[in-house]
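Close look at the chain arrangement
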Amino acid sequence: MQKNACHIAALAAILAAFTASAVAQTATEEDSEKALEKYRAMISDPMSNPGYLAVDSGEALWATKRGPKNVSLETCDLGEGPGKLDGAYAKLPRYFADADRVMDAESRILWCMETVQGIDTAPLRKKPFASSGGNPATEIEALVAFVANKSNGHKYAARMEHPKEREMVALGEALFYRRSSLNDFSCQTCHGQEGQRIRLQKLPYFNNREDAQATMGSWPTYRVSQASLRTMQHRIWDCYWQMRMPNVGYTSDVTVALISYLTKKAEGGVIEVPSIKR
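Figured I'd write up the structure that's included with this text. In this text, all values refer to a predicted model and were calculated from it rather than measured experimentally.

Calculation rules
- Residues numbered from 1 in each chain as written.
- Predicted model: local features only at pLDDT ≥ 70, side-chain atom pairs only at ≥ 80, totals over all residues.
- Heavy atoms only, no water.
- Helix = DSSP H or I, 4+ residues; strand = E, 2+ residues; numbered from the N terminus.
- Polar contact = N/O pair within 3.5 Å; in protein donor to acceptor, adjacent residues only side chain to side chain.
- Contact = heavy atoms within 4.5 Å.
- 1 Å grid on protein atoms, 1.4 Å probe; cavity = no way out; pocket = protein on both sides within 12 Å on 5 of 7 lines; lining within 4 Å.
- Points joined across faces, edges and corners; volume = space filled by probe spheres on them.
- Nonpolar A, V, L, I, M, F, W, Y, C, P; charged D, E, K, R; others polar.
- Expected span 1.5 Å × (residues − 1).
- Buried < 20%, exposed > 50% of the residue type's maximum accessible area, 1.4 Å probe, protein only.

For the rest of this paragraph, the subject is the side chain of Arg230. The residue Arg230 is located in strand S6 (residues 228-230) in this model. Within the structure, Arg230 has its side chain in polar contact with the side chain of Gln226 (distance 2.6 Å). Among the polar contacts made by the side chain of Arg230, one reaches the side chain of His234 at a distance of 3.5 Å. Here Arg230 is in contact with Phe129, Ala130, Ser131, Ser132, Glu141, Trp219, Pro220, Thr221 and Arg223, once residues within four sequence places are set aside.

Next up, the structure:
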């Protein structure tokens, strides 16, 4: 009996230690989140948020006559009519008959650069993302930041009613759950359960509509850890890299499909960009 009592006491001590550790970890996570929120609040104003430098650059690029045709992008049709930007980002991705393809903001802007201005976008497609460390946004990142910012306050309302739009959403859903590569990971591995974290950062749970809305409504974002503006195309590319997947093609059907699926999950969410993230 005495021996059993000792075992019980030892187990109780271990359980108490684990409980204390779990409580301490939870407190640390909560403290970290509060600190991040305080930092975001400090630099959320456009005058303090470095992401607005990209918005300003994008606005200048949008209005500048360039390319072999020496015209601006001011007649680019993002779905609401030539030159109409207010709320256009909130309805993307969408099917465009002139391209016979479902496009997100980045693929559509590149298409306009090619067709409206006559610009060869191959160099932009080869290196679409700025290097970390405070480097200015690339042309396409800046243009996306400007266009997305024009939908601030609008709610995501991508209809996804065209047959090709529905196909893209279905493909995106299949890709979201598909486990692949060395780690046998999928998007669902990180974003298919409540309460997942990485480096003390809470990961959005996409089956929770509020999480999906808050996440999709905050891209493009300024990443403090990278000192760079990042778009949703970069987020998909980076997730694939972290899962040790093959390099995913920029503005490919894979990335557009995933963005289509996630945007549909976020339907009704308010857009406020560029945001601030870790």
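For the second largest pocket, the calculated volume is near 180 Å³. What lines the second largest pocket is simply Pro50, Leu53, Ala54, Ser57, Gly134, Asn135, Pro136, Ala137, Tyr222, Ala227, Ser228 and Leu229. Put simply, the parts of the chain that give the lining of the second largest pocket at least two residues each are helix H2 (51-63) and S6. Across the lining of the second largest pocket, the residue classes tally to 8 nonpolar, 4 polar and no charged.

Turning our attention to H2. Spanning 13 residues, H2 covers 19 Å between terminal C-alpha atoms, matching the ideal 18 Å at 1.5 Å per step. Listed in full, the buried residues belonging to H2 are Gly51, Tyr52, Ala54, Val55, Gly58, Leu61 and Trp62. Tucked into the core, H2 has its buried residues touching helix H5 (139-149), strand S5 (221-223) and S6.

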